[in-house]
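# Report on the structure
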Amino acid sequence: MPASVLRFFAASQEGDAAAWASAFATDGAFHDPVGQPPIVGRDAIRDFIASVLPRFRPFLGLTPVEAHTVGASVAVFWRGAAVSLSGAPVNWSGINVYELDGDGLIREARAYFDQRVFQAQLG
């Protein structure tokens, strides 16, 4: 996988919002999930991630399972894990599609997962 996509996943596992956002181009867009308005700009992406992480104790992150790269496009099947504030396990999976810019940073990330399944586990 390209370095920026590896950084995206590693930072999710570390719970590091700034490092996670640094995988994106300055004006990158994150559709999390697809169907929601995109989060645009590295600072906005960092702030979004930083607002989500405290909802878990701990957020264990996203683990890539299988990746396919064609040119500047990367599709990754992943699994996510966390523990809710009430102590319940939260597990979900999805596919992210990344478009990279000329510097190898994420220009656009589209997350495909069932948000209802995710939300139902939060109670």
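Structure first, text after, so check above.
In what follows, the accompanying structure is described. (Residues numbered from 1 in each chain as written. Predicted model: local features only at pLDDT ≥ 70, side-chain atom pairs only at ≥ 80, totals over all residues. Heavy atoms only, no water.)

## Observations concerning the layout of surface pockets
Put simply, the largest pocket is a space of about 400 Å³. Taken together, 23 residues form the lining of the largest pocket, with Asp32, Phe48, Val52, Phe113 and Phe118 sitting closest to its centre. At the level of elements, helix H3 (42–52), strand E3 (56–70), strand E5 (89–100) and helix H4 (115–122) are the ones that each hand at least two residues to the lining of the largest pocket. Grouping the constituent residues of the lining of the largest pocket by class yields 17 nonpolar, 4 polar and 2 charged. (1 Å grid on protein atoms, 1.4 Å probe; cavity = no way out; pocket = protein on both sides within 12 Å on 5 of 7 lines; lining within 4 Å. Points joined across faces, edges and corners; volume = space filled by probe spheres on them. Helix = DSSP H or I, 4+ residues; strand = E, 2+ residues; numbered from the N terminus. Nonpolar A, V, L, I, M, F, W, Y, C, P; charged D, E, K, R; others polar.)

## Thoughts on a nonpolar patch on the surface
Residues Val34, Ile95 and Tyr112 make up a contiguous nonpolar surface patch of roughly 240 Å² in combined accessible area. Of note, valine 34 is situated in the loop between strand E1 (24–31) and strand E2 (39–40). (Patch = residues over 30% accessible without salt bridge, like charges linked within 9 Å, V, L, I, M, F, W, Y side chains within 5 Å. Areas by Shrake-Rupley, 256 points an atom, 1.4 Å probe, with all protein chains shown as cover. Salt bridge = Lys/Arg side-chain N within 4 Å of Asp/Glu carboxyl O.)

## Quick look at the pattern of salt bridges
According to the stated counting rule, one finds 4 salt bridges in the structure shown. A salt bridge links aspartate 47 to arginine 46; the shortest N-O distance between them is 3.1 Å. Take aspartate 47: its relative accessible area is 44%, and that puts it in the partly exposed class. In this structure, the salt-bridge partner of arginine 116 is aspartate 114, at a minimum N-O distance of 3.3 Å. Residue classification places arginine 116 among the exposed positions, given a relative accessible area of 66%. Overall, aspartate 114 belongs to the partly exposed group, its relative accessible area being 32%. (Buried < 20%, exposed > 50% of the residue type's maximum accessible area, 1.4 Å probe, protein only.)

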